[in-house]
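Read off the chains here:
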Amino acid sequence: MGRSTLVPQEIAMIHHERKYDMKQAPIISRRLIAAALLVGLFSVSAFGATDEAEAEVEIPTTLQPYNVRVFVAIDDNVEFQLNFRKRILAELRDRCDGYWGRMCTVSVEEFPRLFPATATTLDRLAITHESPEVANCDKAFFLTLQADGGGYLVAGKCWDATTRETSTVISSQVFRRSDIADRLFGLLSDLFEPIVEIADFDEKQVTLQIRAGELLPPDPSQAPLKAGRLLTPFYRFITREGDVRKIQEIPWTYLVVTDVDRATANCSIVSGLRVPLTTRRRRLIEVLAQGVRPKFDSTRLKFVSQQFTDHPMFGVTVSIVPEKSETTTAESTEESTGEEQAQVAKPEPVTMMTDRAGTVTISGDGSNKPVMLAVHSGKSALARVPLVPGLEAEAEIQLPDDSVRLNVEGQLAVLEAGVIDAVAKRAVLMARARSAIKANDWKSVDEFLERMDKISGPSRMQTELTIIRERGVSAAMARKDVSAKRRIERLCSKTSELIETYLSLDKINQFREETAELRKALGAK
């Protein structure tokens, strides 16, 4: 049994019942009473400290329910009387409690400030973190209900306190009054995007802690995360006072949920960045992610130059790299004949080219999975980024300005054409010289050899190549484009090898030696 401790009330009661006279009590009794008083005071201090410590204990993210506020704007129509409005709000509140349970703490109220209560007006409604409607909540949903012909039109959008962003407006048609509350909750469910904390990660996998993940909803279909769900990571920079200083998205990076165990989820990471997530953790920086869903049929991509963002990159090749299929891999590894393995062909990439405005349109296939885009200018790779078609209506990708490399590539193409022309002329002259030798026409042989000497040799071609290289590298360094510099040097090195291989003087010298030996053997002059 634990040691009992006297509290001040018990000490006062004992003192009142026994009515000790401190002056007449024996010394031992006075010391015992004094000791009891000290123990009581110490216990009060200890209990107070314990209460303060318990008050400062932070609730884990996985046990924190979402504080949700739902505002419903109902159109001013004779069909929507006061009793009907109250019933719709009550039914919607019951749907939220029944489907979400402890995962969300929900308040539902009418929103008369939005007038008229239409989807168009809702789209124009501006919500910021300073708006009174979103105070002290994690998510605020704004819904509208209006009569539409023979039925009803419901619309909604959501403001999230973590990202401080407002979603696009989504709408739905309703034909029966009894289905209005269900359809309104359907909008809430479609707009609800979970917030997760990135707990750990490596190059291939990310571990998440799900907000309210331990507070499982009564309806499993309303679970915040499921396998295959898509998320986008971001950083939240917090001040020492706890205010949000900045929110920074991590571009071209997606998380795909692979498995979920209550409040913990594992994800694969798809990114166009070499190091999408930083390994350094700071107390005032939160690494979070939010669920996202495509809301459009396609995404219009615009490619612009990094140096000049108003300069569209037209004529750029964009290829959708096919994903490695597990089924195809399994079929190819099974025991099969060569003809059967040949039938399991690797899917070809879908290739497009940007128009004059530097744009292409990437259509979704309904899988909601990121596709990998490989961007090339000629044979040069400019970028490799993932994209979820339909997640945004329009997106912009900045590419390195490849005009310097293209200029150098054009000059090298002219130079290589000159190499091919020189090789062809040499071959023709050597063939004619051999024919003249057979005819014992040494005058023509000397003429052909003289014409061969006038053809550009490797030294002249290498000099022209050096000039092209130096001008191209200087132009790239003037723009501080190290990538273009490397590409130019690589192209020039290949051209140099081409010149040395096909314009070598060894064959010419060997032909001259053979011709001189034949002349001497035949006694020709």
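Residues numbered from 1 in each chain as written. Predicted model: local features only at pLDDT ≥ 70, side-chain atom pairs only at ≥ 80, totals over all residues. Heavy atoms only, no water.

Colleague: Which residues make up the confidence of the model for the protein chain, and what values do they have?
Modeller: In the predicted model, the protein chain carries a mean pLDDT of 83, and 84% of its residues have values of at least 70. Between residues 1-30, whose pLDDT stays under 50, and residues either more than four places distant or in other chains, the model counts 18 contacts. Note on residues 325-336: pLDDT under 50 across the span, and 6 contacts to partners over four residues away in sequence or across chains. (pLDDT = per-residue confidence, 0-100. Contact = heavy atoms within 4.5 Å.)

Colleague: An account of the sheet that holds strand β18 (residues 371-377) is requested, with residue identities and associated values reported.
Modeller: The strand order across the open sheet built from 4 strands is β16-β15-β18-β19, with neighbouring strands paired in antiparallel fashion. What marks the edges here is a single partner per strand, and that holds for β16 (350-353) and β19 (380-387). With direction set aside, neighbouring strand axes in the sheet form an average angle of 25°. With 4 bridges connecting them, strand β15 (residues 317-321) and β16 associate as antiparallel partners. Bridge pairing in β16 links I320 to V350. (Pairing = 2+ DSSP bridges. Helix = DSSP H or I, 4+ residues; strand = E, 2+ residues; numbered from the N terminus. Axes fitted to C-alpha atoms, helices over the stretch in contact; angles between N-to-C directions.)

Colleague: I'd like a description of the packing of aromatic side chains, backed by residues and values.
Modeller: Scanning the entire structure with this criterion turns up 11 aromatic pairs. On the basis of an interplanar angle of 15° and a centroid distance of 5.3 Å, the ring pair of F80 and F84 is categorised as stacked. By relative accessible area, which is 5% here, F84 ends up buried. An aromatic cluster of three or more residues is present, and its members are Y66, Y99, W100, F141, F185 and F192. (Phe/Tyr/Trp six-rings, centres within 6.5 Å; stacked < 30°, edge-to-face > 60°. Buried < 20%, exposed > 50% of the residue type's maximum accessible area, 1.4 Å probe, protein only.)

Colleague: Please provide a residue-by-residue account of the packing of helix α8 (residues 403-438) against helix α12 (residues 506-522), values included.
Modeller: Contact geometry for α8 and α12: axes closest at 12 Å, N-to-C directions at 10°. Comparing their axes, α12 and α8 come out roughly parallel. Together, R426, M430, A433, R434 and I437 of α8 and I508, F511, T515 and L518 of α12 make up the contact between the two elements. Class assignment of the residues belonging to the contact of α8 with α12 gives a composition of 6 nonpolar, 1 polar and 2 charged. (Parallel < 35°, antiparallel > 145°, perpendicular 65-115°, else oblique. Nonpolar A, V, L, I, M, F, W, Y, C, P; charged D, E, K, R; others polar.)

Colleague: If you had to explain the pattern of salt bridges to someone new, which residues and values would you point to?
Modeller: Counting across every chain of the model gives 20 salt bridges. Across the salt bridge formed by R87 and E91, the nearest N and O atoms sit 3.1 Å from each other. Pair noted here: R87 and E91 are both in helix α3 (residues 82-100), with a separation of 4 residues, about one helical turn. Between R512 and D453 there is a salt bridge, and its shortest N-O distance comes to 2.4 Å. Taken together, the residues R512 in helix α12 and D453 in helix α9 (residues 442-454) connect sequence positions 59 residues apart. (Salt bridge = Lys/Arg side-chain N within 4 Å of Asp/Glu carboxyl O.)

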